[in-house]
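Fold and geometry: a report
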Amino acid sequence: MEYTAGAVDPHRPWIRDARDAPENMNWRGTLFNPFGKSYKLHFTRAWTFMFLGRVALYVIPSFIAFVAGIAGVSSEGFNKPVSLVLFTVPAVLLPFALFTLLTEYTSFVVHVRRLTEAGRSAFMAVIVLVPLLLGLIAYALGTQAGAAQYRQMHSPANTEAVETRTEKKGEEEEGENAASKDTQPAAAGGGGARDPRRAAMMKMSEREMAIQAGMGMAFPIWWLASFGAMLWSLMYVARLPNGGEGKFRTGSHMSPEEIARGV
């Protein structure tokens, strides 16, 4: 195949390599077939699709749920937990979670294809899987911590102490008049029964508390690691020249003929 220098598509003057032309891109192969090669702008288009898809599926449903909450619509349906593989997510974010799991694989595939085409080691593509692995590890550790907290809260010794404090407080309040009781601070030694957050936690099952702790630990770690992987993709992989020849830069790089002429 002959590659010519200059503009390839008059509507896209920034494309200077015929291999980067959009009409030459096979979306199915680019996203799902790891045993191939992808050119520079094909990789960028696939990466942009996956990134914007995640953003849209997270921001739009969350915004709709937020507005509905302000309007007084019940949020129980939005926040209802839905089991997904090893963890649970709010119903409103189920499409985001499914798309994220799918694009973890497709992201790995497009990185493998781009690195292979550019003459780099395809093994480096495992970097995009690091956020998922770290998130799973954090989730496992978080669920263990949540389960341990549940067992501690519901241990016989702790339960007996909470009941004793509650009974003692009730006896003290019986000897006071209603006016003096109204002026007392709500949290003045009232134990677990006086803390709304603790009371809600006491109503949770061990599984619910473990999942809540696991997601609370996994999500920020996954997000931060994903940000680092994103920078690596944009600053390194997306800038690799086709065939490993030419300048290391953004955009559609020069054709082999231009490279040979030293343009």
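Residues numbered from 1 in each chain as written. Predicted model: local features only at pLDDT ≥ 70, side-chain atom pairs only at ≥ 80, totals over all residues. Heavy atoms only, no water.

**Structural notes on the overall build of the chain**
To keep it simple, the criterion reads: Starting at the N terminus, helices and strands are each numbered in turn, a helix being any DSSP run of H or I of at least four residues and a strand any DSSP run of E of at least two. Only heavy atoms enter the contact rule, under which two residues are in contact if any of them lie within 4.5 Å. With residues, only the protein chains shown are counted as cover, and all accessible areas are computed by Shrake-Rupley using a 1.4 Å probe.
Within the chain, the secondary structure is distributed over 10 helices and 2 strands. Counting from the amino terminus, helix and strand elements in the chain follow one another as α-α-α-β-β-α-α-α-α-α-α-α. Taking all contacts inside the chain whose residues are at least 6 apart in sequence as the whole, residues at least 24 apart take part in 66%. Only carbon and sulfur atoms are counted for the fraction: they give 64% of the accessible area of the chain, which is about 15600 Å².

**Observations regarding the nonpolar core**
Under the convention used in this document: Take the buried residues of types Ala, Val, Leu, Ile, Met, Phe, Trp, Tyr and Cys, join any two whose side-chain atoms come within 4.5 Å, and each joined set is a nonpolar core. Three labels apply to residues, based on accessible area from a 1.4 Å probe with only protein chains included: buried if under 20% of the type maximum, exposed if over 50%, partly exposed otherwise in between.
Of all hydrophobic cores here, the largest spans 17 residues; its most connected members are L31, F43, A46, V110, L115, W232 and V237. Of all the elements in the fold, those that place two or more residues in this core are helix 2 (40-70), helix 4 (94-117) and helix 9 (206-235). Among the elements that make up this core, the one with the highest residue count is helix 2 (4 residues). The contacts of A46, once residues within four sequence positions are left out, are M25, W27, T30, L31 and V110. Grouped together as the second largest cluster of nonpolar side chains are 8 residues, A97, A138, I211 and A218 included.

**Some remarks on the packing of helix 4 against helix 9**
Defined as follows: Only C-alpha atoms enter the line fits that serve as axes; for helices the fit covers just the stretch in contact. Angles between N-to-C directions range over 0 to 180 degrees. Here is the rule for angles: anything less than 35 degrees is roughly parallel, anything more than 145 is roughly antiparallel, 65 through 115 is roughly perpendicular, and the remaining ranges are oblique. Crossings are classed by handedness, with left-handed meaning an anticlockwise turn of the near helix from the far one by less than a right angle and right-handed meaning a clockwise turn. Under the convention adopted here, Pro, Cys and the residues Ala, Val, Leu, Ile, Met, Phe, Trp and Tyr are nonpolar, Asp, Glu, Lys and Arg are charged, and Gly plus all remaining residues are polar.
Close contact between helix 4 and helix 9 brings their axes to 13 Å; oriented N to C, the two are set at 30 degrees. The orientation of helix 4 with respect to helix 9, classified from their angle, is roughly parallel. The chirality of how helix 4 crosses helix 9 is left-handed. Of the residues in helix 9, those touching helix 4 at F96, T100, E104, H111 and L115 are W222, W232 and S233. Split by residue class, the contact of helix 4 with helix 9 holds 4 nonpolar, 3 polar and 1 charged.

**Things to note about the pattern of salt bridges**
The line we're drawing: Put simply, a salt bridge is a Lys or Arg side-chain nitrogen that is within 4 Å of an Asp or Glu carboxyl oxygen.
Counted by the stated rule, this structure contains 3 salt bridges. The closest approach of N and O atoms between D17 and R19, which form a salt bridge, is 2.8 Å. Its relative accessible area of 0% is what places D17 among the buried residues. As a salt-bridge pair, E117 and R114 come within 2.3 Å of each other at their nearest N and O atoms. Of this pair, E117 and R114 are both found in helix 4, 3 residues apart, which corresponds to roughly one turn of the helix. Overall, the relative accessible area of 9% leaves E117 in the buried class.

**Section: the confidence of the model for the chain**
For any part of a model where pLDDT is low, the fine detail of the predicted coordinates should not be relied upon. Condition: Known as pLDDT, the predictor's confidence for each residue is given on a scale from 0 to 100.
Looking at the chain, the pLDDT average stands at 80 and 77% of residues meet or exceed 70. Between residues 184-193, whose pLDDT stays under 50, and residues either more than four places distant or in other chains, the model counts 11 contacts.

**Quick word on the packing of aromatic side chains**
Filter applied, for reference: Pairing of aromatic rings covers Phe, Tyr and Trp, the last through its six-membered ring, and needs centres within 6.5 Å; plane angles under 30 degrees mean stacked, over 60 mean edge-to-face, and all others mean tilted.
Applying the stated criterion to the full structure yields 10 aromatic pairs. An angle of 5 degrees between the planes, with centres 6.0 Å apart, marks the rings of W223 and F227 as stacked. With W223 and F227 both in helix 9, this residue pair falls 4 residues apart, about one helical turn. Measuring from centroid to centroid gives 6.2 Å for W232 and Y236, while their planes differ by 25 degrees, and the two rings are stacked. A residue is classified by how much of its surface remains accessible, and Y236, at 23% relative accessible area, is partly exposed. Aromatic ring contacts, followed pair by pair, group Y58, F96, F219 and W222 into a single cluster.

**Regarding the side chain of S107**
Note that S107 resides in helix 4. For S107, a relative accessible area of 13% gives the class buried. With residues up to four places along the chain from it excluded, the contact list for S107 reads M50 and V128.

**Considerations on the pairing of strand 1 (residues 81-84)**
Applicable threshold: By the convention used here, strands pair only if DSSP detects at least 2 bridges between them.
Two elements, strand 1 and strand 2 (residues 87-90), share 4 bridges in a ladder whose sense is antiparallel. Note that in strand 2 the partner of P81 across the bridge is P90.

**A short note on the packing of helix 5 (residues 130-153) against helix 9**
When two helices pack together, you describe them by how their axes are tilted relative to each other and by the distance separating the axes. It is at 6 Å that the axes of helix 5 and helix 9 come closest, and there the two elements cross at 155 degrees. With respect to their mutual orientation, helix 5 and helix 9 come out roughly antiparallel. For the crossing formed where helix 5 meets helix 9, the hand is right-handed.

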